[in-house]
Amino acid sequence: MVEIRFHSLGGQGAVTLINMLAQAGDLVGRKVQAFPFFGAERRGAPVMCFLRMDDKEIALRSQIYKPDFLVIMSPSLIDAAIEEGTKEGTTVLINMAEEEARSRTADLPFAVYSVDATPIALDLGMEVEGLPVVNIAFLGAVSYMTELVPLEAVTEVLREKMPPSRVEASMEAARRGFTSVVEIRKSKAASRKERKSAVS
Amino acid sequence: MRLVDTGNHIAAHAVRLSHVEVVSAYPITPQTQVIEEISRFISEGEMDCEYIPVESEHSAMAAMIGSASMGVRSFSATSSHGLAYMHELLHWAAGIRLPMVMVNVNRAMGPGWNIWCDHQDTLAARDTGWIQLHCASHQEVLDTVIQAFRISEDPLVTLPVMVCYDAIVISHNYMQVEIPEQETVDKFLPPFRSMWKLDFKHPFTHGSVIYPDDYEEVRYSMFEALESARDVIKKAASEYESAVGGYHGGLIETYQMEDADVALVAMGSIASEGRVAVDELRRKGHKCGLVRVRSYRPFPMQELRDVLSDLRAVMIIDRAISFGMEGPLYSEVKAVLYGKSDAEVYNLVTGLGGRDVTFEMIVENTEAALKGKMEQMSTWPTVRMNEHHMVSRRGLEEFWKEGSAQ
Amino acid sequence: MPKRKKEKIGFVSTISVPSEGSVGLTGSWRIFKPVLNEERCNKCLFCWIYCPEGCITKDLKINFDYCKGCGICAEECPAKAITMVKEEADETG
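These numbers come from a predicted model, not from an experiment. (Residues numbered from 1 in each chain as written. Chains lettered and ligands numbered in written order. Predicted model: local features only at pLDDT ≥ 70, side-chain atom pairs only at ≥ 80, totals over all residues. Heavy atoms only, no water.)

(A) Summary view of the interface of chain B and chain A. Every contact between the two is made by 23 residues of chain B and, on the other side, 24 residues of chain A. Roughly 2000 Å² of surface becomes buried between chain B and chain A when both sides are summed, with 53% attributable to carbon and sulfur atoms. Connecting chain B to chain A are 1 salt bridge. For Asp26 of chain A, the salt bridge goes to Arg2 of chain B, with nearest N and O atoms at 2.6 Å. Inspection of the region where chain B meets chain A yields 15 residue pairs in polar contact (both at pLDDT 80 or more). Elements that contribute at least two residues to the side of chain B that touches chain A include exactly strand S1 (2-6), strand S8 (174-178), helix H10 (269-283) and helix H13 (359-370) of chain B. Of the residues forming the side of chain B that touches chain A, the biggest block, 5 residues, is contributed by H10 of chain B. Tallied by class, the residues present in the side of chain B that touches chain A amount to 11 nonpolar, 7 polar and 5 charged. By the bridge criterion, 2 bridges tie strand S2 (residues 31-37) of chain A to S8 of chain B in an arrangement that is antiparallel. Opposite Ala34 of chain A, over in S8 of chain B, you have Tyr174 of chain B as the bridge partner. (Contact = heavy atoms within 4.5 Å. Buried area = accessible area lost by both parts, 1.4 Å probe. Salt bridge = Lys/Arg side-chain N within 4 Å of Asp/Glu carboxyl O. Polar contact = N/O pair within 3.5 Å; in protein donor to acceptor, adjacent residues only side chain to side chain. Helix = DSSP H or I, 4+ residues; strand = E, 2+ residues; numbered from the N terminus. Nonpolar A, V, L, I, M, F, W, Y, C, P; charged D, E, K, R; others polar. Pairing = 2+ DSSP bridges.)

As C-alpha cells, this is what we get:
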C-alpha cells in the first residue's frame, strides 16, 4: 500500500486533487481511498488530505501519520506538514522554485522533489480571486513522482471531469506539472551512502 | 458500473435505485451531500421523486410520516443535532408502524460544536423503535440502504429503519463502489405495497389516544416486530447477495473468528480499521478475531453469545459514552454474555468527536488488556491534556483563587 | 423462573376507524340542552362548524342522542339564538 498526505491551503483545490487521483487510480485498477481532514472550511485555511492506493481492499479508515509521500502545496506549510508525522523513507514534494527549494529544504532528512506549480497555474489562467489553483499541476507532478497513476490516466480523468472549456488548459497544466518535477536531493541516508561509495 | 465517490453520494445512488417517491430532509453537515445529490438526480430527471425542502428536521420527519401514511416509499437523511431535533417524531414514525428509511451520518453532539464522527447521536435514539443498521464501508452503505427498504416494508416488521455510517470517515471519503443495474435491484426490491394508506373513502386515524387497557399490546407488538426483524434482516442480506451481489453480514459480521480466543467488538468504521488491528495482533501471536455489530437494534443477542461465550477475552470498542455508566455497546455485550461466559470483558471509549482511531492504538490497548494491565471497565485510551484544555483549567483556577481571597 | 411471554400477538397498531359513538350515546351526559330560537338565527352555521361532536346538521337539526350539552354552540352563536336550558327529568334518556 502507498500512503500520501497532502497539505494545502483552502482554495488550492486539494480535495479535488485527491478525488481525481483516486479516479485515475481506479482507471488503472488500483483500490483507492481519498479523504480530507475537514477543519474550518474557508479560503486560505490549512487543509490536510489523505490518499491510499493498494492492490487489495483497503480496510484502514484512520488518517495517515507515516506517509510514503508528503505533498506540500504551499511553502508556508513545511513545518506543519512535517510535524503531522513522517517516517524514514518519506519522500517530499513541495510547491517551490528549484533554487528556493534547495536552500529551504537543506535541513530536511528526506528525499525532496519540487515543482514550481504556481507559475503554471497563473500562466494557464487557473486563479480564483487572487489565489492560484495549483491542484491540476500537482496532479501531473504526483503522477510523475509516485508512478502510481500514469499521465494518460490523469488526462483521461480530466477529460471526463472538467468543464469542456477547461479540458485543454487542464491537460496542459497536468503535462507541465508532470515534466517540471525537479529532484532536489535524495534522502540524507541515501546521499551519505553514495558519498561513502564515492570515497572508497 | 463502478464509481469512486463519497459515502454520501453513494447513499444517494441507493435511494435512486430504490425508486423512492418522497424525500423530505433538512441539510446538516456532514449529511448535506446526500440530499444535494438526490436533488440533482431529481432535477436531471434521473429520479421521479418529490423533494420536500422543509424548515427543520422536526418537519422533515413530520412530512415523512405524512408521505409514508399515504403508502409512498419515503426517505430522509440527517445527522447529530438534526436527529436529536426530530427525536419526538422518531417515536411517532415507529409507534404508528410506518415503513421508511433514513440515513443518519454519525456525528458528535455539541457542545463543543463538532462536525466529526462519533455514535452519540444514533445511540441516543436507540429506544425509539427504529431498526438501526451500522455500515463500515461504502459498498455496505449502498447495499444496506436498498436492503433497508425491504426490511422496513416486510409485513412482519413494518417499522422505520435507520442506516448509520460514520461522518467524514465514510461520508466524505472517496472509495470504490459497484453500482448495480436498476433491473437487478428491481428484482430484489419490489414496489412498495403499503398495508394501508390514508384515504377519504375509508377514513382512519393514526396514533389516537390509547388507554392503559390497550397501550401495552401496541408496545408489545413493536417489541415482537423487532424480534421478527432479526430473521428478516438476515434474509434480506442473503437474498441481496444472491440477487444483486455483496454481503456484509446479517446482524453481525465476523473476521478471523474461526480459531480466535480473543475478539474485538465494534461498530462502524472502527470495525474496518479493527481488521488491520486483528492482522497485526495475529502477527504478534495473539489468536484474535473481530465481531462487527451491524444491527444495533435489534441487537444480535444470540449471535454474540454464539461467537463470544467461549473466548478468553473480549475487547469492546465504543464510539459513544453513556454518562454515569460506561460505553453503551460494552454494557449490552456484557448483558448478552451474563451467565453464559467466563470471558474477561474490556472496554475502550475512544474516537469521540472525530478523534482518529488507529489500528496501532487498538493493538497497544488490546495487548495491555491481555497482559492484565487493564481493568474490566471503561478505559479512555486516547484522552490526553494539551494546551487548549489548560486554558479553561487555568481560567477556572483563577476564578477559585479570587473566590477564596474574598 | 418466569419465562418470557412466548405467544405472538401479531400486528397491533394505533389505528382507529371513525364510527358513531365508540363510548355509547353521549347524550346521557347532558345536563343543559341547546335550544334554537329560529327567529333570531341568521343561518351563519357557526354552531354547525363549532360543535365538537358534529351533532348539528347544516339544516340546524341537533342530534340529541350524542349532544353532550357542552354549550359551545350557544357560546359561539353571534346572534345569541341558542340558549342552554336545564333538562327536564323526563326528557333525558
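More follows now that the structure is in view.
(B) Inspection of the pattern of salt bridges at higher detail. Residues and elements named next belong to chain B. On inspection of all chains with the given rule, the structure shows 36 salt bridges over all chains. The salt bridge partner of Arg40 is Glu37, with a shortest N-O separation of 3.1 Å. Pair noted here: Arg40 and Glu37 are both in helix H2 (residues 32-43), with a separation of 3 residues, about one helical turn. For Arg40, a relative accessible area of 32% corresponds to the partly exposed category. You can call Glu37 buried: its relative accessible area is 7%. Across the pair Arg150 and Glu239 runs a salt bridge, and its minimum N-O distance is 2.4 Å. With Arg150 in helix H7 (residues 138-153) and Glu239 in helix H9 (residues 212-243), the pair connects residues that are 89 residues apart, well separated along the chain. Classification of Arg150 by relative accessible area gives partly exposed; the value is 21%. Residues joined by salt bridges that share partners form a network here, namely Glu140, Glu253, Arg275, Arg292 and Arg294. (Buried < 20%, exposed > 50% of the residue type's maximum accessible area, 1.4 Å probe, protein only.)

(C) How the structure looks around the environment of Leu337 of chain B. Residues and elements named next belong to chain B. Topologically, Leu337 is positioned in helix H12 (residues 328-337). Taking relative accessible area as the criterion, Leu337 reaches 6% and is therefore assigned buried. Residues Leu337 and Val22, spaced 315 residues apart in sequence, show a C-alpha to C-alpha distance of 42 Å.

(D) Inspection of helix H5 (residues 87-95) of chain B at higher detail. Looking at H5 of chain B, one finds that the buried residues are Leu89, Leu90, Ala93, Ala94 and Gly95 of chain B. Buried-residue contacts for H5 of chain B involve helix H3 (57-69), helix H4 (80-85), strand S5 (101-106), strand S7 (161-166) and H9 of chain B.

(E) View of the side chain of Gln63 of chain A. Residue position: Gln63 of chain A is located in the loop between strand S3 (46-54) and strand S4 (69-72). In this structure Gln63 of chain A comes out as buried when scored by relative accessible area, which is 14%. The contact partners of Gln63 of chain A, leaving out residues within four places of it in the chain, are Phe35, Phe37, Phe50 and Arg52 of chain A together with Asp356 of chain B.

(F) Layout of the sheet that holds strand S3 (residues 50-53) of chain B. All names here are of chain B. Pairing within the open sheet is mixed, and its 7 strands lie in the order S3-S2-S4-S5-S7-S6-S12. In the strand order of this sheet, the two ends are held by S3 and strand S12 (295-297), each with one partner. The sheet shows a mean angle of 20° between the axes of neighbouring strands, direction not considered. Strand direction decides the pairing type here: strand S6 (residues 131-134) and S7, joined by 4 bridges, are parallel. From the neighbouring strand, His134 faces S7, where its bridge partner is Cys164. Contacts between H2 and the sheet are confined to strand S2 (22-25), S3, strand S4 (74-78) and S7, with S4 contributing the most and set at about 145° to the helix. (Axes fitted to C-alpha atoms, helices over the stretch in contact; angles between N-to-C directions.)

(G) Just the interface of chain B and chain C, in detail. In this complex, chain B contributes 22 residues to the contact, which on the side of chain C involves 14 residues. Summing the contributions of chain B and of chain C, the shared interface buries around 1500 Å²; its carbon and sulfur component is 59%. Considering only the surface of chain B that becomes buried against chain C, Val218, Tyr220 and Glu224 of chain B emerge as the three largest contributors, covering 29% of it. Our count for the chain B to chain C interface comes out at 0 salt bridges. Run the count over chain B and chain C and you get 8 residue pairs in polar contact (both at pLDDT 80 or more). Of the residues forming the side of chain B that touches chain C, the biggest block, 8 residues, is contributed by H9 of chain B. Class assignment of the residues belonging to the side of chain B that touches chain C gives a composition of 10 nonpolar, 8 polar and 4 charged.

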